[in-house]
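Residues per chain, in single letters:
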Amino acid sequence: MRKPVAAAADADPVRVLIQAPDPITRAGAVSQLRQHPGVELVDERQGQESGAVAVLFAETPDESTMVRLRRLVRNDGARAVLVVSRIREAELLAVIECGVGAILWRHETTAQRLLQAVLAASCGDGHLPSDLLGRLITQVGQLQRSTAGRGAAQGAGLGTREVDVLRLVAEGMDTGEIAMKLSYSERTVKNVIHGLTTRLHLRNRAHAVAYALREGYI
């Protein structure tokens, strides 16, 4: 899932907190982001204010990484971007359900891709590499087969319009592309996604896609 690297000239800058395991990695990320006028780098104390985007670098999402992610997203109200070297299928859904909407492969993290993920996360959009999206679909499919007897959770329910929007989110389309495809306004698309994530207590678009896949809607 992706979001174009663009921001309105009069928009407030996106506040970004960088957490890295070593000073060299942190300095590299700072160098990649500091030149963009739409980004304001903050320290950890400032980043605790809700709404900041936390960029967390880790070799793999081990238990200590998951604890930090939960604190950043659930306690501090941050929107998280996770940059990892590797991630297993068993960890992927846990990371998404923790509230991480943007994941990058460390070896592919150019300045452009990091900025794209930060801007996507700041808007509540998802940003997953295509191979990870495929792995997420595979993993959720396995969960569906293992719980086939219970059927989809129709009590919670997704409407036709919500399913249509989430199907296109899962295909990697951003808000503008979805609006054009479905002949909706961008505000309508955002309202649909906001409504279902709020109603079902989902953390972001990636979590909503995982939910819809798990429950057999898409």
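Residues numbered from 1 in each chain as written. Predicted model: local features only at pLDDT ≥ 70, side-chain atom pairs only at ≥ 80, totals over all residues. Heavy atoms only, no water.

### Considering the pairing of strand β2 (residues 39-42)
Pairing of strand β1 (residues 14-19) with β2 involves four bridges; the strand directions are parallel. Bridging across to β2, Leu-17 finds its partner in Val-42. In this region the chain leaves β1, passes through helix α1 (residues 23-33) and returns to the parallel neighbour β2; the handedness of that crossover is right-handed. (Pairing = 2+ DSSP bridges. Helix = DSSP H or I, 4+ residues; strand = E, 2+ residues; numbered from the N terminus. Right-handed = clockwise from strand over helix to strand, strands pointing away.)

### Focus: the packing of aromatic side chains
For the structure on display, the rule yields zero aromatic pairs. The ring of Tyr-184 has Arg-161 sitting right over it, with the charged end atom 5.8 Å from the ring centre. (Phe/Tyr/Trp six-rings, centres within 6.5 Å; stacked < 30°, edge-to-face > 60°. Lys NZ or Arg CZ within 6 Å of the ring centre and 35° of its normal.)

### A closer look at the layout of surface pockets
Size it by volume and the largest pocket reaches roughly 570 Å³. Lining the largest pocket are 21 residues, with Arg-79, Cys-123, Gly-124, Arg-203 and Asn-204 positioned closest to its centre. Where the lining of the largest pocket is concerned, the elements lending two or more residues are β4 (79-84) and α9 (186-199). At five residues, the largest contribution of residues to the lining of the largest pocket is made by α9. Residues that form the lining of the largest pocket fall into these classes: seven nonpolar, eight polar and six charged. (1 Å grid on protein atoms, 1.4 Å probe; cavity = no way out; pocket = protein on both sides within 12 Å on 5 of 7 lines; lining within 4 Å. Points joined across faces, edges and corners; volume = space filled by probe spheres on them. Nonpolar A, V, L, I, M, F, W, Y, C, P; charged D, E, K, R; others polar.)

### Topic: the packing of helix α8 (residues 175-182) against α9
Look at α8 against α9: their axes get within 8 Å of each other, and the N-to-C directions meet at 105 degrees. Classified by the interaxial angle, the pair formed by α8 and α9 is roughly perpendicular. For the pair α8 and α9, the contacting residues are Thr-175, Gly-176, Ile-178 and Ala-179 in the first and Glu-186, Val-189 and Lys-190 in the second. Taken together, the residues of the contact of α8 with α9 sort by class into three nonpolar, two polar and two charged. (Axes fitted to C-alpha atoms, helices over the stretch in contact; angles between N-to-C directions. Parallel < 35°, antiparallel > 145°, perpendicular 65-115°, else oblique. Contact = heavy atoms within 4.5 Å.)

### Description of the nonpolar core
Counting residues in each nonpolar core, the largest one holds 22 residues, and the members touching the most others are Leu-69 and Ile-103. At the level of secondary structure, the elements contributing two or more residues to this core comprise α3 (63-75), β4, α4 (89-98), β5 (100-105), α6 (130-146) and α10 (205-214). Looking at which element gives the most residues to this core, the answer is α4, with five residues. Ignoring any residue separated from it by four or fewer positions in sequence, one finds Leu-69 in contact with Leu-56, Ala-80, Leu-82, Cys-98 and Val-100. Among the nonpolar cores identified, the runner-up in size contains 21 residues, and Ala-170, Val-209, Ala-212 and Tyr-217 belong to it. (Core = buried A, V, L, I, M, F, W, Y, C linked by side-chain atoms within 4.5 Å. Buried < 20%, exposed > 50% of the residue type's maximum accessible area, 1.4 Å probe, protein only.)

### Quick notes on the environment of Val-30
One can find Val-30 in helix α1. We classify Val-30 as buried; its relative accessible area is 11%. Through-space distance from the C-alpha of Val-30 to that of Leu-41 is 7.7 Å; in sequence the pair is 11 residues apart. Setting aside residues no more than four positions away along its own chain, Val-30 makes contact with Ile-18 and Leu-41.

### A short note on α10
Of all 10 residues making up α10, nine are buried, and the element is well covered by its neighbours. Of the residues one or two after α10, Gly-216 is the one with positive phi, at around 80 degrees.

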